[in-house]
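Coordinates in review
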Amino acid sequence: MACVYIPVQNSEEEVRVALDQLPRDASDILDILKAEQAPLDLWLIIAREYFKQGKIEQFRQILEEGSSPEIDEYYADVRYERIAILNALGAYYSYLGKIETKQREKEDHFILATQYYNKASRIDMHEPSTWVGKGQLLLAKGDVEQAFAAFKIVLEGDRDNVPALLGQACVEFNRGRYSDSLELYKRALQVYPDCPGAVRLGIGLCRYKLGQFEKARNAFQRVLQIDPENVEALVALAIMDLQANDAAGIRRGMEKMQRAFEIYPYCAMALNYLANHFFFTGQHFLVEQLTETALAVTNHGPTKAHSYYNLARSYHSKGDYEKAGFYYMASIKEINKPHEFVFPYYGLGQVKLKSGDFKSALSNFEKVLEVYPDNCETLKALGHIYVQLGQTEKAQEFMRKATKIDPRDAQAFLDLGELLISSDAGAALDAFKTARSHMEKAGQPVPVEVLNNIGVLHFEREEFELALQSFKKAVGDGIWLTFLGDDKLNPYVIGVGASILDYKDMQLFHRLEEEDHSVELPWSKVTALFNLARLQEQLQNTDAACLFYRLILFKYPDYIDAYLRLAAIAKARNNLQLSIELVNEALKVNDKCPNALSMLGDLELKNDDWVKAKETLRAASDATDGKDSYAILSLGNWNYFAAVRNEKRNPKLEATHLEKAKELYTKVLVQHTSNLYAANGAAVVLAEKGHFDVSKDIFTQVQEAASGSVFVQMPDVWINLAHVYFAQGNFALAVKMYQNCLRKFYYNTDSQILLYLARTHYEAEQWQECKKTLLRAIHLAPSNYTLRFDAGVAMQKFSASTLQKAKRTADEVRSTVAELENAVRVFSQLSAASNLHLHGFDEKKINTHVEYCKHLLEAAKVHREAAEREEQQNRQKQEAARQLALAEEARRKAEEQRKFLLERRKQEDEQKRLQKEEEHFRRVQEQWRSNAPAKRRERSEMDEEDGGHSEKRRRKGGKRRKKDKNSRSRYDREEEENDMGDYHEELEDEDADTNYRESMNQLNDQDDDAGGNAQDILAAAGLEDSDAEDEPAPTSAARRRQALSESDDDEEPVKRGANNSPVRENSAEMQLSDGEIREDNNKPNRDVDDNEE
């Protein structure tokens, strides 16, 4: 039996306290602890024992008393025990906050825990246990990052702190970094191998999350070996067995779940899995009972979310949508993020969709999609919801994604195609084709509507052959094939239906019926046949199209669109009366048909019936309560044309019409913001009022939008934009815009746009470009006298501007004369025309132009003569300057050639000198090689003589050498003088101002260098003199200076010394090497002198 002993103060006695018999009232223990001033570790032991016995109030009472200010003051020197008590209180309140379900109470517990931990930190801020407690508190609050920092502080001081390692492992697990968490768990186990089974449970969970299921199973089984009744390990193993998706696995899993339930019937996770199992078996009573029990025993949010979801799903399957929605919502409230548990969102979305709450359903399905972006059912549900909400683009996006996930669902492709028709015709066509392909592969008949839609899309893409095939498949076999030329009766019927005037004649179809030809036309094929007729119109087969329309009217006389298409064909043939008649036939069927009224108004406007056109267009607008864009747009056009008519214009009335036109265009844009024609009309009105910047922006936007569509051709907006540039004075852009429009839409063949372009060149003072443009227009419209007159004015203006220049070339003046002659010819032809007044010309004005051009022509001729004289003078000056430049160039080239030859001569002389010295050196080297053995023998014989006289001979030899050094032969001096003469000549060629002394110094330096080089070469060849080390020979430069300074009287002793030498002949030859080897020549002379002496 465990017990503690409290020492009695001032005595050796102790109070024995049995830990299993602690009093219910903790005040008795507190009195003893206070009275005896017991150590604080005893306080902590007793408090912990109360906690183990489940007496939480006594536990808290002892710890709070042990952390009171009085105790802190008395035990001020005790640090660790005080910190331990505060940390214990902090951990207790952290646990209370973690299990609390009410948010307010949860926060209060966390605040108290924080206060205790902060108080412990003030005692010792480096205490590891305090930081571990703070980390646990932060982890319970969900502040994972700060918890990680707290555990990291502890591990930096002690990397083997097990509580910190386990805390950091929990942090990494919550972060989703399961590998790091696993390493930390393993490290904690290595540091403390006797860890409880919960550590290995953490290892198993990490292995499970990493997909290492076998290792996870081993870890859970190891936990059961340590603790056979570990419920968490049993549940984990049961989950793994259930995920095997086979009968044996499910049986083993349910057995483990049942065992866990028997060990601890309040394990919420086991209860939830059991409820899930009974849901699929249809035992809803057990599902509800188990989930309610789980909700009662757990405060863990994710676990409660699963319990609520099981309960909601049970009610959902029974059709109780109200309760199902309530419990789905309760499940969602227990979840922080959809990624934690997404199934309640899907169930709630289904319930809301069933009740018609599309926005709530949309919100829930979108959250499901965040977690499972490729869930096909969710995508389809979202697509239908967006269709109901009118957001077709979103619906298209989700339906497209659904078709990619399930590419065999034909209906999904059909729905997608319907959604895409108005926005992306190409994608819609692909969707319809895919649906048709799936139906054909499945052996299902393809509906006429699908084939018709495919044909229409091909028609809009100008793929007429493919459209024809689709329409033929849609209408199938029938009399219409006869009209297309696919039958032998075609020649017969074409002759009957060749004229549109016979639109009322139905005798053709009666005769075909009499001849047993079927003219049946089911209503389901009428639309496809009408579209086939439209295609024939586009293919210029209007006779067949008329027959199709007449066949439709024969079977269905109230089909208004057939009347309107026949009217359009008549209008294209300039038969306005027939077109109006056909429109009136359509109005007999429906006098409020806005399309028929709008078309009638346009026809009346073309017929110049302004009043009736206005009434008709207004009726078309009223027929749709102002909602028909075409009728309103036509009425706006009427007002604009009324404002700019060529008749006498009333400024006030013009402004009224323009304002009304602007109002109508704006009304259309409000209804349909992408209506290009309304935007173009509004911009035209703004340009008429002078708001060029605004109109330019609108025209630019309309141009960009029209350019992006292959079905919209709007050359008017290009012309209008060019007009704006012209009005703003930006002639370059105006020219570019006119040219692009002319090339893009009219293939450079529209004389009116060429006239606009010529006017722009004229205002930009580009007279020649203006004339060229007008000549192109005249070529296209030769009977247009206005173009000719404008061409004459352009030539006149060009000539006048050229003559007004301060400086003119002769070519410009000659060109001016030619232009003036042409202008006079053009104006004269116009003046001679008989029907001049029909073209709006004034004969007097033309004659004035003629006279003015003739006057300019006379002045131009005078200017031409002066310009030609000036041109001749300039030409002569230029020729003289050219000749002078050629002469200077020739002189420069001659000087360069002379310098080049001189330099080359110097190089050749230098090369010859070097060759000469090299040959001389080789000759001397060969002589030395032949004489060297004899000299060595003579020297050895002399060395064998009496040694006593050697020193004397050496001294006399030294004297003789000195004498020889000062002696020169006449031959030597002559050779040196010749050499110096050669050097003088070379130096005089290089610089005539160099004096004699400088040249001699240069020669002496060269000889010194050559002597040294020669001596080195002789040494390398083995020909050096052994006595050279005794006394160095004088340099050649010194000898030359000595020779030059000797007088003629000294020549005789030199001759005698040379004659007395037995090797005189050799010495004379060797002196040719410029004194390089004279030292060696003197050696035999010395030996002879010694012998004589």
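Parameters and conventions
Residues numbered from 1 in each chain as written. Predicted model: local features only at pLDDT ≥ 70, side-chain atom pairs only at ≥ 80, totals over all residues. Heavy atoms only, no water. Helix = DSSP H or I, 4+ residues; strand = E, 2+ residues; numbered from the N terminus. Contact = heavy atoms within 4.5 Å. pLDDT = per-residue confidence, 0-100. Phe/Tyr/Trp six-rings, centres within 6.5 Å; stacked < 30°, edge-to-face > 60°. Buried < 20%, exposed > 50% of the residue type's maximum accessible area, 1.4 Å probe, protein only. Lys NZ or Arg CZ within 6 Å of the ring centre and 35° of its normal. Pairing = 2+ DSSP bridges. Axes fitted to C-alpha atoms, helices over the stretch in contact; angles between N-to-C directions. Parallel < 35°, antiparallel > 145°, perpendicular 65-115°, else oblique. Left-handed = near helix turned anticlockwise from the far one by under 90°. Nonpolar A, V, L, I, M, F, W, Y, C, P; charged D, E, K, R; others polar. Patch = residues over 30% accessible without salt bridge, like charges linked within 9 Å, V, L, I, M, F, W, Y side chains within 5 Å. Areas by Shrake-Rupley, 256 points an atom, 1.4 Å probe, with all protein chains shown as cover. Salt bridge = Lys/Arg side-chain N within 4 Å of Asp/Glu carboxyl O. Expected span 1.5 Å × (residues − 1). Arc of directions from axis to C-beta. Lys, Arg positive; Asp, Glu negative; His and termini not counted. Charge placed at Lys NZ, Arg CZ, Asp CG, Glu CD. Core = buried A, V, L, I, M, F, W, Y, C linked by side-chain atoms within 4.5 Å.

On to the environment of Leu182, then. Here Leu182 shows up in helix H10 (residues 178-191). Among residues more than four places away in sequence, those in contact with Leu182 are Ile203, Cys206, Arg207 and Leu210.

To continue, consider the confidence of the model for the protein chain. When pLDDT is averaged across the protein chain, the result is 78; 81% of the residues are at 70 or more. Considering only residues more than four positions removed or in separate chains, one finds that residues 486-499, a stretch of pLDDT under 50, has 27 contacts. This stretch, residues 946-1093, has a pLDDT under 50; its non-local contacts, to residues over four places away or in other chains, come to 150 contacts.

What follows deals with the packing of aromatic side chains. Counting across every chain of the model gives 29 aromatic pairs. For the ring pair Tyr309 and Tyr328, a centre distance of 6.1 Å and an interplane angle of 45° mean the geometry is tilted. Of this pair, Tyr309 sits in helix H17 (residues 301-317) while Tyr328 sits in helix H18 (residues 321-333), and the two are 19 residues apart along the sequence. No difference in accessibility class separates Tyr309 from Tyr328, as the two residues are buried. Ring geometry for Tyr386 against Phe398: centres 5.4 Å apart, planes inclined by 5°, an arrangement best described as stacked. Placement of Tyr386 in helix H21 (residues 376-389) and of Phe398 in helix H22 (residues 392-405) is noted, with a sequence separation of twelve residues between them. Taken together, the ring pairs connect Phe51, Phe59, Tyr92, Tyr93 and Tyr116 into an aromatic cluster. Positioned above the aromatic ring of Phe745, the side-chain terminus of Lys744 is 5.6 Å from the ring centre. Just above the ring of Phe726 sits the side chain of Arg759; from NZ or CZ to the centre is 4.1 Å.

What follows covers the pairing of strand E1 (residues 3-7). One face of the sheet, then the other: side chains in a regular strand alternate in exactly this way. Side chains of E1 alternate between two faces, with Val4 and Ile6 buried and Cys3, Tyr5 and Pro7 left unburied. Relative to strand E2 (residues 14-18), E1 runs antiparallel, the two sharing five bridges. By the bridge assignment for E2, Ile6 is matched with Val15. Linkage of E1 to E2, two consecutive antiparallel strands, is achieved through a turn of six residues, within which Asn10 is found at a positive phi near 60°.

In the contact formed by helix H2 (residues 40-52) and helix H3 (residues 56-66), the axes pass within 7 Å of each other and the chain directions differ by 160°. The angle between H2 and H3 places the two elements in the roughly antiparallel class. Seen along the crossing, H2 lies across H3 with a hand that is left-handed. The segment H2 lies against H3, with Trp43, Leu44, Ile46, Ala47, Arg48, Tyr50 and Phe51 engaging Ile56, Gln58, Phe59, Ile62, Leu63, Glu65 and Gly66. Along the lines of polarity and charge, the residues of the contact of H2 with H3 split into ten nonpolar, two polar and two charged.

Turning our attention to a nonpolar patch on the surface. On the surface, Tyr264, Tyr266 and Val297 cluster together into a nonpolar patch covering about 300 Å² of accessible area. Relative to the elements of secondary structure, Tyr264 occurs in the loop between helix H14 (247-263) and helix H15 (268-280).

On to helix H19 (residues 343-355), then. Here H19 is 13 residues long and its end C-alpha atoms lie 19 Å apart, about the 18 Å a rise of 1.5 Å per residue gives. Turning to H19, its buried residues number three or more, namely Pro344, Tyr345, Gly347, Leu348, Gly349 and Val351. At its buried positions, H19 is contacted by H17, H18 and helix H20 (358-371). The positive-phi residue at the C-terminal boundary of H19 is Gly356, with phi of around 90°.

The next thing to look at is the pattern of salt bridges. The tally for this structure, following the rule as stated, stands at 30 salt bridges. Across the salt bridge formed by Lys380 and Asp409, the nearest N and O atoms sit 2.8 Å from each other. Of this pair, Lys380 sits in helix H21 while Asp409 sits in the loop between H22 and helix H23 (410-420), and the two are 29 residues apart along the sequence.

Further remarks concern helix H35 (residues 610-623). The end-to-end C-alpha distance of H35 is 20 Å, a good match for the 20 Å that 14 residues give at a rise of 1.5 Å each. Buried residues of H35: Trp610, Ala613, Thr616, Leu617, Ala620 and Ser621, and no others. All buried residues of H35 project into a common sector of 140° when viewed along the axis, lining one side. Turned more than 90 degrees off the buried face of H35, the exposed positions are Val611 and Asp622. The elements touched by buried residues of H35 are helix H34 (594-606) and helix H36 (629-643). Asp625 sits one or two positions beyond H35 and adopts a positive phi of about 55°.

With that settled, the discussion passes to a negative patch on the surface. On the surface, Glu513, Glu514, Glu515 and Asp516 cluster together into a patch of negative charge. By secondary structure assignment, the location of Glu515 is in the loop between helix H29 (507-514) and helix H30 (526-538). The exposure class assigned to Glu515 is partly exposed, which follows from its relative accessible area of 41%.

Ranked by size, the top nonpolar core spans 90 residues in total, and within it Trp480, Leu529, Leu551 and Val583 carry the most contacts. Ignoring any residue separated from it by four or fewer positions in sequence, one finds Trp480 in contact with Val475, Glu520, Leu521, Leu529, Phe548 and Leu551. With 55 residues, the next largest nonpolar core counts Ile632, Leu676, Ala706 and Leu742 among its residues.

Before going further, it helps to spend a moment on unusual backbone geometry. Even without glycine at this site, Asn574 takes up a positive phi of about 65°. Mapping Asn574 onto the fold places it in the loop between helix H32 (560-572) and helix H33 (576-589). Residue Asn574 is classed as exposed on the basis of its relative accessible area, which comes to 68%. For Glu765, which is not a glycine, the phi torsion comes out positive at approximately 60°. Along the chain, Glu765 falls in the loop between helix H42 (751-763) and helix H43 (767-780).

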